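Fold and geometry: a report
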Amino acid sequence: MAAQANALSIEELKDKGKVLRRLIIRMTTEAGSGHPSSSLSAVEVVNALWFGGFMKYDSQNPTWEARDRFILSKGHAVPVLYAAMAEAGYFSTDDVMTLRKLGSPFEGHPNMKRLPGIEASTGSLGQGLSLGIGQALGARLNKNGSNVFVVIGDGEMGEGQVWEALATAEKYKLGNLTAIIDQNTYQQTGATKDVLDLGSFEEKISAFGWHTQTIDGNCQKAVVEALEVASKVTDRPKAIISKTKKGFGILPVLEETGDLNYHGKPLSPELAEKALAFIA
Amino acid sequence: MYLGEISGLKVGQATRDAFGEALKELGDKYPEIVTVDGDVGNSTRTEVFAKAHPERGFNVGIAESNMVSVAGGLASTGHIPVVASFAAFLLCNAYDQIRMSIAFPSMNVKMVGTHAGISIGEDGPSQMGIEDVSLACSLPGVVVMVTADAVSTKKATAAMIEYEGPVYLRLGRPNVAEIYSEDDTFEIGKANTIREGDDVTIIANGLMVAGAVDAATKLAEEGISARVIDMHTVKPIDVDAIQKATRETSAIVVAEEHLAHGGLGSAVAMVVSQATPVPMAYVNVGDCFAESGDPQGLLDKYGLTAAAIIEAVKKVK
Ligand SMILES: Cc1ncc(C[n+]2csc(CCOP(=O)(O)OP(=O)(O)O)c2C)c(N)n1
Ligand SMILES: [Mg+2]
C-alpha cells in the first residue's frame with residue numbers, strides 16, 4: 001500500500017503545515033532543547049514531499065523495498081521529520097513528545113538504527129547528498145524505481161563533500177535524485193552571507209550539470225509546482241533552491257526576541273504559547 | 001634480507017593482489033557486491049573486480065569523504081559495497097564519514113585500506129597509513145583485520161563478504177612471504193598459531209608474522225622456544241589465545257607495522273593486563289612519521305626486523 005495515491009490539495013497541505021509547525025514547537029519546548037527555527041523553514045518542503053504525493057512509502061511497512069527515500073542531511077532539523085512521520089502514521093504524535101529524552105528513539109538527530117523509517121543517520125553536516133547518491137545508485141541496480149530526496153541546509157553547503165557529491169551525481173546522471181537546499185539565509189553563528197557567502201546556488205549547481213529551480217520555499221503552491229517539474233526530469237539530478245525564512249510561521253514571535261536566526265534553542269513555554277496561538 | 005627469508009619462506013603475492021583476485025571471484029558468486037573507488041582502483045586492485053563487473057564498479061574521483069558516504073548509501077539499499085583506498089586516505093581523510101555513514105548506522109560496508117605501513121617505501125610518509133588500525137579500532141562495532149600473506153588475505157576477503165556488518169581490512173603494497181597453505185583455516189576473530197612454543201609468545205600480524213617466524217627460528221637455535229601467533233583480527237581480538245599464552249609462556253612480544261599507540265600492541269596489552277599479567281615488549285614504528293626509501297631499508301631502519309623481535313624477547317624473557 002503506497003501512500004502516494006492520496007495526495008493532499010494545496011489547501012489541505014496548508015492545514016497540514018500548521019499541524020507540523022505546532023508539533024515542532026510543542027516537542028522542542030517539551031524537550032527543552034532542539035532546533036525549532038531550522039525545522040520551521042523546511043515545513044513546506046517536507047510537507048509537500050510526504051503529503052503532496054511526491055513520495056511512495058508505507059508507514060506500516062517501513063522497509064518496503066521500492067519505497068522512496070527521504071534523507072534529512074541537515075539532521076538537526078529532525079523535529080520537522082518526526083512531525084511528518086507521526087502524521088504519516090509511523091508512530092503517534094504522543095510518541096514524538098519524548099524527543100531527546102533518555103530511552104526515546106526520537107533522538108536529537110536522526111538515528112536509523114533506533115527508528116524504522118529514518119533512512120539515514122545524520123547530524124554531522126555534509127554527508128546526506130553522498131548517502132543519497134549511494135541510495136540512488138543502489139535503487140538503479142535494484143531496478144525498483146525508487147527515488148531519493150535530500151534536504152540540505154544553506155550553511156551546510158560550505159562542506160566540501162557536498163560539492164564532491166554534486167559532481168558525482170552528475171557523472172552518474174542520477175535522474176532519481178532530488179536535492180532541496182533550504183536557503184533560510186542563516187547558519188549557526190550568523191547570516192550565511194557573512195559566515196561564508198557562496199553566491200548563487202542556482203548558478204553554481206547548474207554549472208555542475210544539474211537541473212535547477214529557485215523558488216519561494218515557504219509558498220506551499222510553489223513547492224508543489226517545483227516538485228512536479230522535478231519529477232518529470234529523469235535524465236539528470238535535480239536541485240530545488242528553496243528560499244525560505246528560518247522560523248517561518250512564527251516570525252513575529254521570533255522578532256520579539258530580537259533573534260531572527262534563533263538557532264538551536266527551544267521556545268520558552270510562554271513564547272511557545274504565543275507561537276501556537278499565532279499559527280492558529 | 002626479506003622477512004621470512006631466515007626460515008626459508010617463499011615470497012608470494014602482495015596482500016592487495018590477493019585481495020583483488022579474490023574479490024573478482026566473489027563478485028561472480030555475490031551479485032550484491034559493488035566497489036566504490038576514489039581514483040586508486042589500479043593500486044588497491046578493486047579495478048580487477050570493476051573490469052569484470054563494470055556496472056557494479058563506481059569511481060567517484062578523488063573525493064574520499066563522498067566515496068565513503070556513497071558506500072554507506074549503497075549498503076542501505078541492500079548492496080555489499082567494498083570501498084577501498086590507501087589506508088592513509090581512507091581512514092584519515094574520511095574518518096568522520098566512516099564514523100557517521102558506516103559505523104554509527106552499522107552499515108554492511110567493507111573498507112579496505114591498502115598501502116598500509118612503512119613498507120610502501122619510496123612514496124614516503126604522506127602515503128603511509130601507520131595509524132589506521134588505531135583509528136579503525138576506535139569505531140564501535142567495526143571488525144578490524146590485518147592479514148599476513150596472500151592465502152590468508154583471500155580467505156579474509158571471503159570471510160568479510162560473508163560477515164554481516166562493517167569491516168576494515170588492512171593490506172600492504174609489497175610482495176610478502178607465504179605463511180599459509182590452502183588447507184589452513186581462517187576465521188574472523190580466531191587467531192592462528194603458526195608455530196608452537198612454550199617459553200615466550202610472539203603475537204604479530206601483517207608482514208611482521210614472517211618476521212616473528214624468523215625470530216622464532218633463530219631463537220630455537222639458542223634453545224628458546226617461541227610460540228608465534230598470527231593475530232589477523234585485532235577487533236574483536238582472540239582473548240582465549242592471549243590468555244592461553246599468558247598461562248603457558250612466560251612473556252609476550254607484540255610485533256606490528258603500525259604506530260605504538262592504539263594498534264595490536266595496545267589491544268593485546270589490555271587483555272594481558274586483565275588476565276595473568278606477564279612481562280611484555282613491543283616492536284612497532286614507535287611514535288614518528290617515517291621517510292622515503294626502499295622498503296627493506298625502511299623496515300631495517302625503523303626496527304621492523306627479526307633481530308628487533310629477538311632483542312625484545314630477550315628483554316622480557
Ligand atoms: C560537520 C558539522 N559541523 C558543525 C556542526 C554544528 N552545526 C549544527 S547546525 C549548524 C548550522 C547549520 O546551518 P544550516 O545548514 O544553514 O542549517 P539551518 O539550521 O540554518 O537550517 C552547525 C554549524 C555540525 N552539526 N556538523
Ligand atoms: Mg541555514
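In this numbering scheme, every chain counts its residues from 1 along its sequence in written order. Here chains are named by letter from A upward and ligands by number from 1 upward, in the order in which they appear as written. For a predicted model such as this one, the threshold for reporting local features is a pLDDT of at least 70, and the threshold for listing and counting side-chain atom pairs is 80 or more; totals across whole chains, interfaces and linings nevertheless cover every residue. Excluding hydrogens and water, the side-chain values take into account all heavy atoms of the structure.

The next subject is the overall build of chain A. When helices and strands are counted, chain A shows 11 helices and 7 strands. Computation of the radius of gyration draws on C-alpha atoms alone. For the globule rule, the value is 2.2 Å times the number of residues to the power 0.38. Taking 280 residues into account, the globule formula puts the C-alpha radius of gyration at 19 Å, and chain A, at 17 Å, falls close to it. By principal-axis analysis of the C-alpha atoms, chain A measures approximately 50 × 45 × 35 Å. Within the span of chain A, comprising 280 residues, buried residues form 60% of the whole. In these tables, accessible area is a Shrake-Rupley quantity obtained with a 1.4 Å probe, and a residue counts as shielded only by the protein chains included in the view. With an accessible surface of roughly 10700 Å², chain A has 52% of that area assigned to carbon and sulfur atoms. Think of it this way: Lys and Arg go in the positive column, Asp and Glu in the negative one, and His and the chain ends go nowhere. We put the charge of a Lys on NZ, of an Arg on CZ, of an Asp on CG and of a Glu on CD. Between the averaged position of the 29 positive side-chain charges in chain A and that of its 32 negative side-chain charges there is a distance of 3 Å. Strands are runs of DSSP state E lasting at least 2 residues, helices are runs of H or I lasting at least 4, and numbering of each runs from the N terminus. Exposure classes here rest on a 1.4 Å probe applied to the protein chains alone. A residue is buried below 20% of its type maximum, exposed above 50%, and partly exposed in between.

Further remarks concern the layout of surface pockets. In the cavity and pocket records, a cavity denotes points on a 1 Å grid over the protein atoms alone where a 1.4 Å probe fits but cannot get out, a pocket denotes an open set with protein on both sides within 12 Å along at least 5 of 7 lines, and lining residues are residues with an atom within 4 Å of a point. Grid points are joined across faces, edges and corners, and a volume is the space filled by probe spheres set on the points. Quantified by volume, the largest pocket comes out at close to 440 Å³. Throughout, the ten residues Ala, Val, Leu, Ile, Met, Phe, Trp, Tyr, Cys and Pro are labelled nonpolar, Asp, Glu, Lys and Arg are labelled charged, and all others, Gly among them, are labelled polar. By residue class, the composition of the lining of the largest pocket is 7 nonpolar, 8 polar and 6 charged.

For the rest of this paragraph, the subject is the coordination of the magnesium ion (ligand 2). When a metal carries six donors in an octahedron, the ideal angles between them are 90 or 180 degrees, while four donors in a tetrahedron ideally lie at 109.5 degrees. We call an atom a donor if it is N, O or S and sits within 2.8 Å of the metal, or 3.2 Å for Na, K and Ca. Water is not counted, so some sites may look partial. Note on the magnesium ion (ligand 2): its protein donors are Asp-154 of chain A (OD), Asn-184 of chain A (OD1) and Tyr-186 of chain A (O). The metal-donor distances range over 2.0 to 2.1 Å. We note that the donor set of the magnesium ion (ligand 2) lies within a single chain, spaced as D-x29-N-x1-Y.

Each pair of aromatic rings taken from Phe, Tyr and Trp, with Trp reduced to its six-membered ring, is defined by centres within 6.5 Å and is described as stacked if the planes are under 30 degrees apart, edge-to-face if over 60, and tilted in the remaining cases. Applying the stated criterion across every chain yields a total of 10 aromatic pairs over all chains. Seen in terms of ring centroids, Tyr-172 of chain A and Phe-58 of chain B are 5.4 Å apart; in terms of plane orientation they differ by 80°. Their pairing is edge-to-face. On the criterion of chain membership, the pair formed by Tyr-172 of chain A in the loop between α6 (160–171) and β3 (177–183) and Phe-58 of chain B in strand β3 (residues 57–59) is interchain, its members lying in two chains. Take Tyr-172 of chain A and Phe-58 of chain B: they sit in the same class, and that class is buried.

Taken together, the contact pairs 25 residues of chain A with 26 residues of chain B. Here chain A and chain B share an interface that buries about 2000 Å² over both sides, 58% of which is from carbon and sulfur atoms. The largest per-residue losses of area from chain A upon contact with chain B belong to Gln-127, Leu-141 and Glu-164 of chain A, which jointly make up 23% of the total buried on that side. The salt bridge definition used is simple: a Lys or Arg side-chain nitrogen within 4 Å of an Asp or Glu carboxyl oxygen. The interface formed by chain A and chain B includes 0 salt bridges. Every element with two or more residues in the side of chain A that touches chain B is listed here: α5 (128–142) and α6 of chain A. Partitioned by chemical class, the residues of the side of chain A that touches chain B number 8 nonpolar, 13 polar and 4 charged. In what follows, a contact means two residues having at least one pair of non-hydrogen atoms within 4.5 Å. We define buried area as the total accessible area lost by two parts upon association, computed with a 1.4 Å probe and summed across both.

For the rest of this paragraph, the subject is the environment of Ala-220 of chain B. Residues and elements named next belong to chain B. Relative to the helices and strands, Ala-220 resides in helix α9 (residues 208–221). Classification of Ala-220 by relative accessible area gives partly exposed; the value is 39%. A sequence separation of 23 residues divides Ala-220 from Gly-197, and the C-alpha atoms of the two residues are 9.4 Å apart.

Right, let's get into the site of ligand 1. Residues and elements named next belong to chain A. We define proximity as follows: a residue is near a molecule or strand when any one of its heavy atoms falls within 4 Å of that partner. Of all residues adjacent to ligand 1, which total 17 residues, the nearest are Ser-38, Lys-74, His-76, Asp-154 and Tyr-186. Residue Gly-123 places a main-chain N or O atom 2.9 Å away from a nitrogen atom belonging to ligand 1. Think of a polar contact as two N or O atoms within 3.5 Å of one another; within protein, one of them needs to be a possible hydrogen donor and the other a possible acceptor, and neighboring residues in sequence only count if both atoms come from side chains. Here Asn-184 contributes a side-chain N or O atom positioned 2.9 Å from an oxygen atom of ligand 1. Its free accessible area being 590 Å², ligand 1 has 77% of it covered by the protein chains.

The subject of this paragraph is empty space enclosed by the protein. Rolling a probe over the atoms, with the probe sized like a water molecule, indicates the empty space that remains. Residue and element names in this part refer to chain B. For the structure shown, the criterion picks out 3 cavities of 30 Å³ or more. Roughly 110 Å³ of volume is contained in the largest cavity. If you trace the largest cavity, you find 14 residues lining it, with Thr-147, Gly-172, Gly-206, Leu-207 and Glu-257 closest to the centre. Across the lining of the largest cavity, the residue classes break down as 7 nonpolar, 5 polar and 2 charged. Delimitation of the domains relies on an automatic or database domain assignment. Each of two domains, domain 1 (14–177) and domain 2 (192–316), supplies a minimum of three residues to the lining of the largest cavity.

As a further point, take the sheet that holds strand β11 (residues 226–230) of chain B. Residues and elements named next belong to chain B. Pairing between strands requires that DSSP locate at least two bridges from one strand to the other. Here we have 5 strands laid out as an open sheet, ordered β9-β11-β10-β13-β14, and mixed in their pairing. Two strands in the sheet have a free side with no partner beyond their single neighbour: β9 (192–195) and β14 (280–283). On average, each strand axis in the sheet is inclined to that of its neighbour by 25°, with strand direction left out of account. Where strand β10 (residues 200–204) lies against strand β13 (residues 252–255), 4 bridges are found, and the strand directions are parallel. Paired with Ile-203 across the strands is Val-254, a residue of β13. Axis definition: a line fit to C-alpha positions, over the contact stretch in the case of helices; interaxial angles, taken between N-to-C directions, run 0 to 180 degrees.

What follows deals with helix α11 (residues 269–279) of chain A. All names here are of chain A. The complete set of buried residues in α11 reads Leu-271, Ala-272, Ala-275, Leu-276 and Ile-279. Seen end-on, α11 carries its buried residues on one side only, within an arc spanning 135°. Set apart from the buried face of α11 by more than 90 degrees, the exposed residues are Glu-270, Glu-273 and Ala-277. Relevant arc is that of directions from the helix axis to the C-beta atoms, nothing else.

Right, let's get into the state of the cysteines. Pairs of cysteine sulfur atoms within 2.5 Å are what we label disulfides. Using the criterion set out here, one finds 0 disulfides over all chains in the structure. Among the cysteines around Cys-288 of chain B, which has no disulfide bond, Cys-92 of chain B carries the closest sulfur, lying 15 Å off.

Before going further, it helps to examine the sheet that holds strand β7 (residues 238–243) of chain A. Residue and element names in this part refer to chain A. In spatial order, the strands read β1-β2-β3-β7-β6; together these 5 strands make up an open sheet with parallel pairing. Only two strands of the sheet have a single neighbouring strand rather than two, namely β1 (69–72) and β6 (211–216). Along the sheet, successive strands turn relative to each other by an average axial angle of 15°, direction set aside. As defined by bridge partners, strand β2 (residues 148–153) adjoins β3 across 6 bridges and the pair is classed as parallel. Within β3, the residue paired with Val-148 across the bridge is Leu-177. Packed onto the sheet, helix α3 (residues 43–51) meets β1, β2, β3 and β7 and runs at close to 165° relative to β1. Each of β6 and β7 is contacted by helix α9 (residues 220–232), which is oriented at about 170° to β6, the strand it contacts most.

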